[in-house]
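Here is what each chain is made of, one letter per residue.
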Amino acid sequence: MKRVYLDHAATTPVDPEVAEAMDRVLRDTHGNPSSIYAEGRAARELVDRAREEVAAALGAQPTEIVFTSGGTEADNLALRGVMKARRGLGDHLVTTAIEHHAVLDTARDLESNGQVRLTVVAVDREGRVDPAAIAAAMGPKTTLVSVMHANNEIGTIQPIAEIGEICRDRGVKLHTDAVQTVGALDFDVSQIPVDLVSVNAHKFYGPKGVGALYVRRGTRLATMQTGGGQEKGRRTGTENVAGVVGLGVALRVAVERRTTESARQARLRDRLIEGVLARVPDAVLTGHRTERLPNNASFCFPGTQGESLIVALDLAGFAASSGSACTSGDTEPSHVLLALGLERHVAQGSLRLTVGRATTDADVDALLEALPPIVARLREASAVSV
Amino acid sequence: MSGGVDSSVAAALLLERGEDVVGVWMRLVPGGVDTDAPRCCGTDEAGEDARRAAATLGIPFYALDYADVFGKHVVDRFVEAYASGETPNPCVSCNHHVKFEALMRDVFAKFGGTRLATGHYARVADARDGTRQLLRARDAAKDQSYALYMLGQRELARVEFPVGELANKNETREIAARFGLPTATKAESMDICFIAGDYRDLVRSRAPRAFDAGPVERADGTVVGHHAGIGGLTVGQRSGTGVATGERLYVLRLEPERSAAVVGTREEITRTEYELRDVRFTRDAPPAATFETSAVLRYRGTPLAAAVDVSSDGARLRLTAPALVAPGQAVVFYQGDEVVGGGVVRAGSPA
């Protein structure tokens, strides 16, 4: 059966140019970048070049890029590292109700260990954070604000520049998890007043297990692990040479293609949104209608369960995902959907479709053909079992 | 798929027959909970075994969560039964409410499946009148039809038990080897699969009142000793009392409302007549208002000659010779190799 992959927000296939670059590194460059001899210098050069590519794509300086094992580590390093380094200035952390677990659970962990006081700011029904609400949440002891650039489930893009201005005026550092946006949207730290940015390679056709944290010059960051002192002591451990090369190439390619590809994907996204809303009765679009990621079409279908939707679509040849995880028999709606104010029974039937570089109009047609009868069947089933 | 060899081989046989097979594993204990129960098919570890078997066969595989329904219909009922002086039958509860109710509903309605196959050792056949028959497995030593008596025509029309057709365990192993499935037979999941240690610890923690001490009496009211709680006793078990008189005494009856255990001799505890509740028939109706049967009183028990009188709210079992079966246990009616139906022994039958 031909498969249609509509889960690019979960991960993307590795770009052939990226795979080739990584393959060359694995075959030809075995040195440790910390070694001073020729083999080490060769490896160091690759890491440096990757750092330059990532920095260029973000409008940053190479020294402001710290390589990590991915988005989760970048988020952890940002929150834990800044709160620890700025402890003398304050202990208050502000974040939002729709952050990825890598941010939200890290913030809660710091809170439960007594290391920070935490304020979680609510969002509106479309998942937008009001910059005024962030300002209102801040106090004299606030040292860090963390607001994601775009949400991974519903695709809503946050007014990060406005929030950045507020933070800068008050001398508060701003972190943004831009895992879903870097590569897809223009993101230039020389234009946006943000101090820390989390990046994850496998979201833009790079390898899994490698990411980066942008740390604006002058932002103090404590390390989370101790060791040989790589990455200027901010993230110690021998560099994942092939991985960071893959990250650099992937980000360069993504930026090269961004203008045309994001517009193309946005058109497919809009076809999905309009098609699903027209063909599936009582379908609810989640997230902002226009301020959303170019590849994200997410919905709730009251009377269905997210897990059943995913299974049924899988058996019909489609890869998609749901914000809901089935725990203990009942489908537990995602914290993001509940934060929008959706009722539990609506949020339980969530479906996220995210298009990518390989997605075609024919794929969209196939999905729009397959989905309505699946939703109808599931609704019939849940009506029977109630 | 439980992760064991039987359900894996069942999937392999269907695949070989050209069926479009989807593997489903049921989580029965909450995720992350380590029960240490080596025979439990519902732990994450068993789920990993099932996932590997499905991958070996190259079929889609889903882990589905039934911890709530299992907890309510199997574990809670298990505790309630012991606390009320009955002897529960968790396999029957699990088949009834979890596998052939909740899972079956999901397989058909949600996933668009047409049939549900399991690794049970039993057979289903078409009778001449167009109905479906539930039969013993070809391999009598592995037969599990006893624990499936609650299946009616609705279920039987849509179930398959591929391993029930196999001649013996060697054939199962041969097929497993042919498909590259792990052949190591796990401990068979029968009896109380979801408990690692002593079931009484579970009952004690969930129903402490069942462990109030109380008197041990003879049928005439004579107190012959004391017990530590009826939750730890089963009708029919040897009683430690009566040693002084040299008699072998067995638990005859448990009376939870006054925490009393009544004991008697072998002659006193066996009976020829039992009242049954929750009576079900595989062909949805009894063969007759009164019918002759071979009654099986326990899993893999010897069939006993009996007659059944069906009534509006149950049935009466009349055995040819006295036998013992505890309240809460299932009595299954066979005619030849066919399961006709069955019911659950009522508590508080006359002594």
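So, how was this worked out
- Residues numbered from 1 in each chain as written.
- Chains lettered and ligands numbered in written order.
- Predicted model: local features only at pLDDT ≥ 70, side-chain atom pairs only at ≥ 80, totals over all residues.
- Helix = DSSP H or I, 4+ residues; strand = E, 2+ residues; numbered from the N terminus.
- Buried ≥ 20, exposed ≤ 12 C-beta atoms within 10 Å, placed from the backbone.
- Contact = placed C-beta atoms within 7 Å.
- Pairing = 2+ DSSP bridges.
- Core = buried A, V, L, I, M, F, W, Y, C linked by C-beta atoms within 7 Å.
- Domains from an automatic or database assignment.
- Nonpolar A, V, L, I, M, F, W, Y, C, P; charged D, E, K, R; others polar.
- Axes fitted to C-alpha atoms, helices over the stretch in contact; angles between N-to-C directions.
- Arc of directions from axis to C-beta.

What to know about the overall build of chain B
Scanning chain B from N- to C-terminus turns up eight helices and 16 strands. By residue count, 44% of the 351 residues in chain B fall in the buried class. In chain B, once contacts between residues fewer than 6 apart in sequence are set aside, the share between residues at least 24 apart is 62%.

Considering the sheet that holds strand 10 (residues 296–300) of chain A
Residue and element names in this part refer to chain A. Reading across from one edge, 9-10-14 is the order of the three strands in this open sheet, with antiparallel pairing throughout. Strands with a single pairing partner mark the edges of an open sheet, and in this sheet they are strand 9 (284–285) and strand 14 (350–354). One ladder, built from five bridges, connects strand 10 with strand 14; its direction is antiparallel. Bridged to Ser298 within strand 14 is Arg352.

Examining the nonpolar core
Residues Ala212(A), Tyr214(A), Val245(A), Ala250(A) and Val331(B) are the most contacted members of the largest nonpolar core, which totals 211 residues. The element that contributes the greatest number of residues to this core is helix 7 (residues 241–279) of chain A, accounting for 14 residues. Excluding residues that lie within four positions of it along the chain, Val331(B) makes contacts with Tyr274(B), Leu276(B), Ala295(B), Leu297(B), Leu317(B), Val325(B), Gly342(B), Gly343(B) and Val345(B).

Quick word on the domain arrangement of chain B
All names here are of chain B. Taken as a whole, chain B is organised into domain 1 (5–120 + 161–178), domain 2 (212–268) and domain 3 (270–345). Spacing between the C-alpha centres of domain 1 and domain 3 amounts to 27 Å. Within the side of domain 1 that touches domain 3, the residues separate by chemical class into three nonpolar, three polar and one charged.

Focus on the sheet that holds strand 10 (residues 260–264) of chain B
Residue and element names in this part refer to chain B. Across the sheet, four strands lie side by side as 8-7-10-9; this open sheet has mixed pairing. Each edge of the open sheet carries a strand with a single partner, namely strand 8 (223–227) and strand 9 (250–255). Across the sheet, the axes of successive neighbouring strands diverge by a mean angle of 30 degrees, strand direction being ignored. Looking at chain direction, strand 7 (residues 214–218) and strand 8 are connected through four bridges and run antiparallel. Its bridge partner lying in strand 8, Glu217 is registered against Val223.

Things to note about the domain arrangement of chain A
By a widespread convention, an interface's size corresponds to the accessible area lost as its parts come together. Residues and elements named next belong to chain A. For chain A, the assigned domains are domain 1 (4–10 + 258–385) and domain 2 (16–254). The straight-line distance from the C-alpha centre of domain 1 to that of domain 2 is 28 Å. Opposite the 22 residues of domain 1 that make contact, domain 2 presents 21 residues. Every element with two or more residues in the side of domain 1 that touches domain 2 is listed here: helix 7, strand 10 and helix 9 (335–339). Classifying every residue of the side of domain 1 that touches domain 2 by side-chain character gives six nonpolar, 11 polar and five charged.

A word on the environment of Arg158(B)
Residues and elements named next belong to chain B. By the secondary structure assignment, Arg158 is in the loop between helix 5 (153–156) and strand 6 (159–160). Judged by the 18 C-beta atoms lying within 10 Å of it, Arg158 is partly exposed. When the C-alpha positions of Arg158 and Cys40 are compared, they lie 26 Å apart, and in sequence the two are 118 residues distant. Setting aside chain neighbours within four positions, we find Arg158 in contact with Arg115 and Leu116.

A look at helix 6 (residues 160–170) of chain A
Residue and element names in this part refer to chain A. Every buried residue belonging to helix 6 is among Ile160, Ile163, Gly164 and Cys167, and all of these are buried. Burial along helix 6 is one-sided: seen end-on, the buried residues are contained in an arc of 105 degrees. Along helix 6, the residues that are exposed and aim more than 90 degrees away from the buried face are Ala161 and Asp169. Residues of helix 6 that are buried sit in contact with helix 5 (131–137), strand 5 (142–146) and strand 6 (173–177). Just past helix 6, the residue Gly171 takes up positive phi, approximately 70 degrees.

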